[in-house]
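Commentary on secondary and tertiary structure
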Amino acid sequence: MDDLFANGATPSLNNAAGDDTASDSELRRVKELIQTLLKTKRAFEMYPSNNPILLKFQEDILKKFEVFFEESDRLILIIRQHDILYKGQAVYHSTDKDDNLARMFFKDGLRELSFTSGFSGDEVLDFIDVMRVRPETSTESFDDDVVTRLWEKDFLHLTYYVIEEFAEGTALEEDEVSRILSRHQTTDGDLAEVYQDASTEEPGEGEDGQQIFSPLESISMGFKGVFSLGEEEVKSLKEEMERLTDENFLLGAINALFESLYIDRGTPDFGILMDNLDSALGYLVRNGVFGTASLILDRFRGLMSLKQVFSPAELERINASVRKAADESAMRSIADVLNSGKDVPSSEFQRFLNLLDRSSLVPLSNLLGEIQDIKYRKSLIEVLVSLGRDNIDALAAGVRDKRDYVVKNVVTILGRIGDKAALEHLKQTLKHPEISVRREVVRALGMIGGPKAGDTLLHALEDQDPQIRMSALRYLPNAQSYAVLDGLLETINRPDFSDRALAEKRAFFEVLSEIGQDKVLPLMTKLLKKSGFFSSASKDELRACAAYGLGNIHKMEALEALKKELGGAKKGSVLAEAISYSIHKLSRPAVRAGTE
Amino acid sequence: MSMEQDNSKARYDGAQSPFRSEVSEPIHKGARALINQLQVLFRTSQIHDIGNVALVRPVTNMMNALDVIFRSEPEFTVRLRGEYLYLDQTRIRYDIEDMASYEYMVEALKEKKIGSITFQQPVTPDDIKRFAYTFSAMAPDKDDSHDELNERLAQRGVKSMWTGAVEEQEQIKFDDLADRRKMAKKTYFQAVSVTRGVMNNIKSEQPTHLKKVKRVIQGIVDIILKEESSIMGLTTIKDFDEYTYNHCVNVSILAMTIGQKLGFDKNLLTSLGIASLFHDIGKVDVPIDILNKPSSFTEDEWEIVKRHPVMGVKAISKVRGLNELAASSMVVAFEHHIFYDMTGYPQTRNKMMPNFFSRIVSIADQYDSMTSARVYSRIPYTPDKALSLMMERSGVQLDPLLFKIFANIIGVYPIGTLVMMDTRELGLVYESNPNPEKLDRPKVILITDSVGKRVTGRTVDLGEKDPSGRYKRTIFKALDPKKYNINLAEYFL
């Protein structure tokens, strides 16, 4: 067992022996600090990194350090298997196997931590990151330990001491060294020979006149400057170094995998390499590196076009990888990373989604419910609009989801696809308790259009919410169907229709005229002439609505009827305003052209 | 067994070890900036007077650099030792960009015979200016110049900076060298052991953790950042039983040394160290009877050997799939035989310049392979012959700029070279001179005195001059230690 490296000052083991005794209050401060450290560590393990509560923990622990350093310059903690000691006294004790700070440090060889005054907020954060337990499945958990992380962090006010344990290496060293040394001992005779040769021969000449050993020729001829770097050369090297990023290494590794795949086509290793690419893709997706993940999918698609190069089985294997990129497990990873608070560019996410296979519709629809950020859901909606065309029923199953926003998003997608196969699902959704969902359904129905969508929109005219009804009215003309006229008339004829707001009534008439044109002209004209169809209290309003309606009928008769009534309408009244408005509307050159 | 008892012993031993990096990255950066600014100030003070506006920026920059270091060291000393500058006990790192400033400072201190400059908080801008002008006004090559300089500084009211004498080179004790070797040796063999473990695990398809690999590479990084010669010395002992593992470790050390010269930070050095350690990992899948074949390969066998880069890609993915750490290793494993001119193997569909790491490893790999005795090539090239061959390949197979850096590291007389000096003493080169102008002036372990009598425990620096300004020793002849049965292991292990 040997010590190998540490970053710290001389270890302060004397303190462990207790030559400097801590006062009760000092001990209490250190104990409190360690307990706060523990709580902070747990909080960082429990909450996602963007949770604001973590900031409070961080501030608390920094405060504890500051309080300690008001009285002392250095906090030296000695690590034992079950204890942490300060000035020879235990400030932490635990025999727990899992949740044990002392053991966690100890098992990786850490034996002393020494904090000095000035330990900053950034360093606190780094130290918490060092302590934080990684999920067992993560690569960090597999490759790193506490000592490695401490080494990488480069603390300014924290030094540490480590024991290295490489029993095998030590044994090897002793064996190898003694073997090599025993192989041949340089004798005085050997030295005499070399001395003799070197003293007698000409420099650089062997016994046979051959060169035996000389400095590198070009250097010895005038080496000065030969190996110096010029300004441009330094610049070029610097630029190369700037490109040594994780991202570029990943790209390089992916390239190596694809090149190997090409080289190994037709061999059993093809499958192994494909497995590796699958896992690479999985890794990238788990980490939200969708730009690079897209590159893999793109190259998969490129390979699939090389039908002469790869066997059918190999092409199918590549295809399977594309499908795998959107299976349930991949979707879980995507949801996790997008919900983690990590900044994932939505353009890269969108690009990745666009490269997925059509078969990924169902898992992607399910993903809609898992992603919290609307920014990413929008990207998903875009791709579902494209993928969902062939499988409306599968997509529309989402309208039965319990989460309102999922239903709403699915309805949006159905609307944008515009396939009438979705109408039945949308009709069901018109009864959804959430207004925003019903409003989206009305919009979707409007986007789908056609008589059947019109029929469904008529149901929305019964909605208890006036905004939904108005919205349905606005979309009804998209139905391009006389069949909706009866429905509209039926509503207008109801005794309670007059109770509705003027704006809604006006909309009813306008829509009725827009769709009905010739067919409703007599009705509108008659109503404008106060036929007594309604009770006298709302006569003016009714007539005004009819006037608005006539404004949508592009016929000379409509204009004439309006002009005829203008004189009789009281100036400034609702009716006069409506008539003027419609006359003006029908008199505009473009409209006039249509009325003739 | 009580681990505690064992550990505490190891700890006390460790306390005496000189091989612990006491200084963190921000301070290293501060120290580099300090050297750069001192150089600017010294140069400026020779051209402009003390009130000149040209001094404002370097003085401000220097105050900033001092501020960084003062945050953890209220008093520190920049020291000249041989060809290197130290911040207290730690060698100041520099990268290719700072090389000129660094060399200027080394030469300036040598010229004025000033061995150290101590800074004590608080330093004012006026102190800095007065110091620079007083230093520049000093006559060169004067003995006890530090006392005179200190006196003048005191007269000008500068109390925060003072200087010290140049350390005599003989003061670099052989014991220190032995201590460094001990640590380097330990780390080297740990690396070999860990490499063997990982390669065996991969061969037998066992799960492989990289924790140990990372820690052992970090250990090498720590040593290289302090002084690389002790561990580089170990790469010259090409006498180990298991070529494969030692070769991996040697390539890793040589590659990291290039990285250090380029100014890589320690995390990048670790990545390079791991990637280079695994460069030949694909060979675990090449049948051992082919690898150990004593004669030349048949065409079929050569085809199998040439598959090791692709096998390497697969082997690395088996370790862990793909993550950032595995990615650089995978790239290097795949590309280390693809040359600078994009020839070599494997043949790829898309021709691309190999990654910077791969080009570094390619140089380290060629050098170590050529200078090692392998089953199919019993007689290795001497280091200079290998370098000559590599120079021919520079710009074709090898990156010419990286080769320059490498040649600088290896020097005219590579570590392990047996030399006779004009004093007729015999010695072995153990550390090359970092100054490209003085590549022919390495440090040497003496093995005989001037009459050919064996000596032990003495080292000399060929960069050292006598009071008349002449070099004390100059290499008169270089010889091949193998030819004379000189066992390098006795001196380097």
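Given the structure is predicted, the values throughout are model-derived calculations rather than measurements.

A look at the environment of L306 of chain A
Tracing the backbone shows L306 of chain A in the loop between α14 (290-304) and α15 (312-324). Each residue touching L306 of chain A, except ones within four places of it in the same chain, is listed here: L315 of chain A together with R349 of chain B.

Examining unusual backbone geometry
All names here are of chain B. Along the chain, Q121 connects to P122 via a cis peptide bond; the corresponding omega equals -5°. Relative to the elements of secondary structure, P122 occurs in the loop between β4 (116-120) and α5 (125-137). In this chain, Y345 is followed by P346 through a cis amide linkage whose omega measures -5°. Among the structural elements, P346 can be located in the loop between α15 (324-335) and α16 (356-370). One non-glycine residue, R424, adopts positive backbone phi at about 70°. Assignment of secondary structure puts R424 in the loop between β6 (418-421) and β7 (426-431). In the Ramachandran plot, N485 falls in the positive-phi region, its phi being about 60° despite a non-glycine side chain. The exposure class of N485 is partly exposed, given its relative accessible area of 41%.

With respect to the side chain of E510 of chain A
Position of E510 of chain A relative to the elements: it lies in helix α27 (residues 502-516). Once residues within four sequence positions are removed from consideration, E510 of chain A is found in contact with Y548, G549 and N552 of chain A.

Brief notes about the packing of aromatic side chains
Residues and elements named next belong to chain A. Under the criterion given, the structure shown has 32 aromatic pairs over all chains. Taking 6.5 Å as the distance between ring centres and 75° as the angle between the ring planes, the aromatic pair formed by F119 and F127 counts as edge-to-face. The exposure class assigned to F119 is buried, which follows from its relative accessible area of 5%. Look at F127 and you get buried, because its relative accessible area is 2%.

Side note on the confidence of the model for chain B
Residue and element names in this part refer to chain B. With 91% of its residues at a pLDDT of 70 or more, chain B has an overall mean of 84. Ranking the elements of chain B by mean pLDDT puts helix α1 (residues 3-15) last, at 31, and α16 first, at 96. Under a pLDDT of 50 for its full length, residues 1-22 has, in the predicted model, 59 contacts with residues more than four places off or in other chains.

What to know about the pattern of salt bridges
Per the stated rule, a full pass over the model turns up 47 salt bridges over all chains. Residues R359 of chain B and E240 of chain A are paired through a salt bridge, measuring 2.9 Å at the closest nitrogen-oxygen approach. Taken as a pair, R359 of chain B in helix α16 and E240 of chain A in helix α11 (residues 231-242) lie in two separate chains rather than in one. Both residues of the pair, R359 of chain B and E240 of chain A, count as buried. A salt bridge links D399 of chain B to R359 of chain B, with the nearest nitrogen and oxygen atoms 2.6 Å apart. Within this pair, whereas D399 of chain B is found in the loop between α17 (383-393) and α18 (400-410), its partner R359 of chain B is found in helix α16, the two being separated by 40 residues in sequence. For the pair formed by D399 of chain B and R359 of chain B, the shared burial category is buried.

Quick notes on the rules
Residues numbered from 1 in each chain as written. Chains lettered and ligands numbered in written order. Predicted model: local features only at pLDDT ≥ 70, side-chain atom pairs only at ≥ 80, totals over all residues. Heavy atoms only, no water. Helix = DSSP H or I, 4+ residues; strand = E, 2+ residues; numbered from the N terminus. Contact = heavy atoms within 4.5 Å. Buried < 20%, exposed > 50% of the residue type's maximum accessible area, 1.4 Å probe, protein only. Phe/Tyr/Trp six-rings, centres within 6.5 Å; stacked < 30°, edge-to-face > 60°. pLDDT = per-residue confidence, 0-100. Salt bridge = Lys/Arg side-chain N within 4 Å of Asp/Glu carboxyl O.

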